[in-house]
Amino acid sequence: MKALDIAIKDLRQSFRSFFAIAFMFVLPILITGLFAFIFGGGSEESEISFEPIPVQVYNQDRGEFGEILLTIWGSDAFSDLIALTVAEDEAGARQAVDEKQAEVAILLPAEFTETVVNPGRYTGIELYQDPTLTLGPGIMKSLVTQFVDALNGSNITAMVANQQAGERGYTLTQEQNEALSLAYYSAVSASAQQGTLVNLESPGGEQQEENAGIKSILGFIMGGMMIFYAYFTGAYASNTILTEEENGTLERLFGTATAPHVIITGKLLAAALMIFVQLVVLTAFGRLVFGIQWGALGLLLVFVLVTTIGAASFGMFAISLAKDRKQAGVIMGAGITVTGMLGMSGTFMLSSPTPNAAIDRITLLVPQGWANRALLAIMEGLSPERIWLSILGLLVYSAVLVVLGFVRFQKRFA
Amino acid sequence: MAKELAIEIKDLHRYYQDIKAVQGVSLQIEAGTVFSLLGPNGAGKSTTISVISGLLRPTEGDAEIFGKSIISQANQAKQHIGVVPQEVALYQDLTGRENLAFWGKMYGLRGAKLEARIGEILEIIELTDRQKDKVEKYSGGMKRRLNIGVALLHQPDIVIMDEPTVGIDPQSRRKILESVKALNEQGMTVLYTTHYMEEAQELSDRIAIMDHGKVIAEGTHNELVRIVGELDRVELTFGAEIDGKLDNWSQLPGIKSVTTDTTAAALLVDDSDQALPHLFEAAARDHLKIISVAVYEPNLETVFLHLTGRALRE
Amino acid sequence: MRIYHLALKDLKQLFKSWQTAFFLLLMPIAFTLLFGFIFGGIGGDAEDPRLLIGVMDLDKSEHSQALIQMLEESETLRPIINADYTAETYRKQVEIGDLHAALVLPAGFGEALTAGEPLPLTVVADQKAMVANQAVRADLATIYSRLFGIVLSASLSQETFQQIAALSPEEQDAYYQQALELASSLWESPPVTVLSSYTGAESEAQADALEQNAFIHSSPGMMAQFAIAGLIGSAEILVAERKSRALSRMLTTGFPRMGILVGHFLAMSAVIVLQLLVLAVFGQLFLDLPYFDRPTATLLLIVVSAMVNGALGLLIGALAKSSDTAVVFALVPMFVFSGLGGAWTPLEYTSKSVQFVAHFTPVAWMMDGFKDILARGAGLETVWLPVVVLLGFTALFFSLGAWRFKFE
């Protein structure tokens, strides 16, 4: 009963503190909102919106394929993707990239068409790009490759057919060669009409959109932030033990025949209540304002409860390491930040072209990593095994920490 | 028939590593009395109080509160005590009423009884009008009063006050002293620590003088003063540094002891009227110009000086 | 002279606490490494940084085998085949992160390809790795469409020949096989190739190094972010000075108010210059980042970046009433400026309007400047613009700080 009284008193104090409110609610929502803005560009759409990629093309091609490429890219179908400028000369095209007017310059060689239509010739298309960028130039490279591959394929078909026929003493006529090309292009475009050849699916079996929906990205980010700040709240709540010690109220509490374990339990309870409120408010906010899909409601509730326990225990343990408020400040500022960011580093994989798979295990060094793993598994609809193992892992980790923290505080006040 | 003992301290020792804060203190405090611990800063008063309140475990010895050991029956013992800490120990971001409600619960009060007590305490400490303000908005004196009020919530038999008047204005100080008297009149036992001898003198039935972790004298005010007999205390201030020139003044007729500072001296004398001419003469001989002279009748300050060779506030 | 003493006093106070070193240096270094690690710059397989893709071949046809062979030669993907694994095992492997992706080649894969109707393939991949997944999708699509091209070439060649001369069923088979082999060997060096080159990269090796250095973004990003975090300590000193009435006392000495502001500003800027220098040297020595190939540009950018943050620190110290609020006031701009300014995620992933708004934060300009130096080998001729803008931010923050600074 006394423990509950202490917890309620702590809650009352915390919800009057600008600092606590800022860290519990304002910062995580602010950051998610920031990402919603960054990726949503302030638009209402749920897809990531990209501006057309500024591209310079210098076309030296003596034949028609260069022109065809320019016509395709200049068409309405590509106007959302490419902002095309036809350069007067090579130097101008390169200069535009050097001066950041364009992300990439595509230099079509003079012998482009000749190479494509005549078997046995070779040439190269240069993509001159800004090295600080990867996305736009990457898209352009795959567009050029797609176009060139169709031409290459037709050319190679002709080479194969002519060589094989030649080896058997026959020569293909001009009409036969043209028919081959036509057949090749029509087969390729027929298969292109069928839709994409490669679909992505999450391990939980969910289809992944070509441009991953902004909501799922926001979900990952807000989930990460929520856990990060829940652990911060845990430390903040336990830090009030040191604040009370410094203000003399802790000694006075001992003077009221309140045993240390009751006080520590009260603090733990306060932390848990604060974290629970925080997680419920943040998940609800994420769902209602950002439209985040958190996954199955029952599992989400389990996650909230377990993370509440986890963050409260971790906070108690972390603060038990501090001698005074100053050290606790460092633990909160640095310790919680480092472990928190390590724990949510899976989320940072978002924007890595070559993510390091090992990070998934490294995050498990810190309890935040287990919580993140559980939430992501629930959001992605992964196997029950993974979800429950993550939750169990977090519980075990938390149990160890809370015992250590409890014992350390008990000893200190004995 | 002997009165019931509220507090009995038995050969109490408390060490912090090498520092012996309390060494062998034994005291008996009768129920219904005001008992003061008097001594300079660092004498061991606060440590003694902390042990009695169950906040520190004694290194040796024990203390009993109405017969309950503070070591083996701590919780029962604590039920009898209300402690007023030296520093204001309150939640500054809660209101006065919220503080009282929380501490009341910590003392085990609940429901209507708690509400009634809060109302009574607010009346006693004269904060009824300001009960809904946050403590951080209170003046120093108001905080002190609330600090005391919290300790009275559970109607303890004993109130322990650790220097409750340090650093406050005379008006607030007076209010606190009056409240101590009022509490005592209601039958409460008060254990009071101070380094102001006037407070000890005004409030106490009995006084213990502490120095260097030990009780060097104990008794009623009159009993203590009798230790120094009829000695008067003379304080002299000189126009220049003394520089050891007073070393042989204790041999002057009627002079019992001399303690010196750079430009001042305190002397215990049999009779100030007879001693003063000798002192002026000696000063003239030693080329010391006397700027001021003060003569005091025997009091606790004199006792402390007599027992330790030092002034109480050094 | 008094300004100098005031600045020196601030610095002494700061460096007395070991947390200063922690916030200023250890944290940003730790995070640079962490981000580099996440981005695959360290800790991965240095010999073969390709993404691991588990392949389960249920078709076991020559076409499915050919696809696997082409995957082996991919620059992005590295196929992993384990005969003991089921589709479920592969899925689990992706789930636990042992594989980046898993691909099942369904029965009938080869036949459908021969029939000119390639089956859509499903790849299981961790949804979080959004950017990497785009690469998986693009690379696999290219390989698959090339395989389709090869099969198509072979079918067409055979059909065309059969129009000229008759082939027995055995001959048809041999003809088709030969066509497949020929087409795949020709695809190894197709007639038209696509080559990448980069601004500022003088050699191909340099271009490759740039492409693979995962720290080009994370290093300046962390510098920008933690330069703001470093302000917490400095701003607290300001708050403490006001609370302890040391500030009022300073005013009684006849020290002009502007002098006090400049003194604090100098101290904070000096701390951040030191921080950024250490981080840049760390980047140069351990992360292969060419910070000091153009030292004048780098140093200039470091100094003005520190000045912006120094002025921001003054503003925070002016606005904060307690050390708690100082922490919040430092962390909010840290998150907003770093997040919006592109310290975490490159701004190229965002829309033009976001990029426009982002450039209202100093972090975006710091990032522009440092990335130009690191990736493009730029010098003063390019960096002057970020420098001028950052000086503008400095003036703005300093004026706001001076205006809001409560001396009493």
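Residues numbered from 1 in each chain as written. Chains lettered and ligands numbered in written order. Predicted model: local features only at pLDDT ≥ 70, side-chain atom pairs only at ≥ 80, totals over all residues. Heavy atoms only, no water.

A. Layout of the nonpolar core. The biggest cluster of nonpolar side chains holds 256 residues, and the ones touching the most others in it are Phe 23, Tyr 229 and Phe 303 of chain A, Trp 103 of chain B together with Leu 103 and Val 123 of chain C. For this core, the element with the highest residue contribution is helix H8 (residues 214-247) of chain A, accounting for 18 residues. Contact partners of Phe 23 of chain A, with chain neighbours within four places excluded, come to Pro 28, Tyr 229, Phe 232 and Gln 278 of chain A together with Val 327, Val 328 and Leu 331 of chain C. If you look at the next biggest cluster of nonpolar residues, it comprises 28 residues, including Ile 9, Val 25, Ala 63 and Ile 160 of chain B. (Core = buried A, V, L, I, M, F, W, Y, C linked by side-chain atoms within 4.5 Å. Buried < 20%, exposed > 50% of the residue type's maximum accessible area, 1.4 Å probe, protein only. Helix = DSSP H or I, 4+ residues; strand = E, 2+ residues; numbered from the N terminus. Contact = heavy atoms within 4.5 Å.)

B. Just the interface of chain C and chain A, in detail. Taken together, the 104 residues of chain C in the interface contact 119 residues of chain A. Across the chain C/chain A interface, buried area totals approximately 10,400 Å², and carbon plus sulfur atoms make up 65% of it. At the boundary of chain C and chain A, one finds five salt bridges. The partner of Arg 376 of chain C in a salt bridge is Asp 130 of chain A, and the shortest N-O contact between them spans 2.9 Å. Looking at the side of chain C that touches chain A, the element that brings in the most residues is helix H6 (residues 130-164) of chain C, giving 20 residues. Of the residues in the side of chain C that touches chain A, the class split is 61 nonpolar, 29 polar and 14 charged. (Buried area = accessible area lost by both parts, 1.4 Å probe. Salt bridge = Lys/Arg side-chain N within 4 Å of Asp/Glu carboxyl O. Nonpolar A, V, L, I, M, F, W, Y, C, P; charged D, E, K, R; others polar.)

C. Main features of helix H10 (residues 231-243) of chain C. All names here are of chain C. With 13 residues, H10 ought to run about 18 Å at 1.5 Å a step, and its terminal C-alpha atoms sit 18 Å apart, in line with that. For H10, the full list of buried residues reads Leu 231, Ile 232, Ser 234, Ala 235, Ile 237, Leu 238, Val 239, Glu 241 and Arg 242. In the segment just after H10, Arg 245 is the residue with positive phi, at about 65 degrees. (Expected span 1.5 Å × (residues − 1).)

D. Examining helix H1 (residues 2-14) of chain A more closely. With 13 residues, H1 of chain A should cover 18 Å at 1.5 Å per step; its first-to-last C-alpha distance of 18 Å lies within 8% of that length. Regarding H1 of chain A, the residues found buried are Lys 2, Ala 3, Asp 5, Ile 6, Ala 7, Lys 9, Asp 10, Leu 11, Gln 13 and Ser 14 of chain A.

E. Structural view of the arrangement of the chains. Here the protein chains form two pairs of chains in contact, of which the pair with the most contacts is chains A and C. Spatially, chain B is disjoint from chain C: no contact exists, and the shortest C-alpha separation is 14 Å.

F. Geometry of the pairing of strand E4 (residues 121-125) of chain C. Burial of E4 of chain C is extensive: four of the five residues sit out of reach of the surface. Where strand E5 (residues 198-201) of chain A and E4 of chain C come together, four bridges link them in parallel fashion. Looking at E4 of chain C, one finds that Leu 200 of chain A is bridged to Val 123 of chain C. Judged from the four bridges that link them, strand E3 (residues 101-105) of chain C and E4 of chain C form a sheet pairing that is antiparallel. Within the sheet, the bridge partner assigned to Val 104 of chain C lies in E4 of chain C and is Thr 122 of chain C. (Pairing = 2+ DSSP bridges.)

G. Structural context of the sheet that holds strand E1 (residues 5-16) of chain B. Residues and elements named next belong to chain B. Strand order in the open sheet formed by four strands is E2-E1-E4-E5, and the pairing between neighbours is antiparallel. Edge positions in the open sheet fall to strand E2 (19-30) and strand E5 (68-69), since each of these has one partner strand only. Across the sheet, helix H1 (residues 45-52) touches E1, E2 and strand E4 (60-65), and the angle it forms with E1 is around 120 degrees. (Axes fitted to C-alpha atoms, helices over the stretch in contact; angles between N-to-C directions.)

H. Representation of the domain arrangement of chain C in the model. Its domain assignment divides chain C into domain 1 (3-40 + 214-404) and domain 2 (51-188). One C-alpha centre belongs to domain 1 of chain C, the other to domain 2 of chain C; they are set 51 Å apart. (Domains from an automatic or database assignment.)

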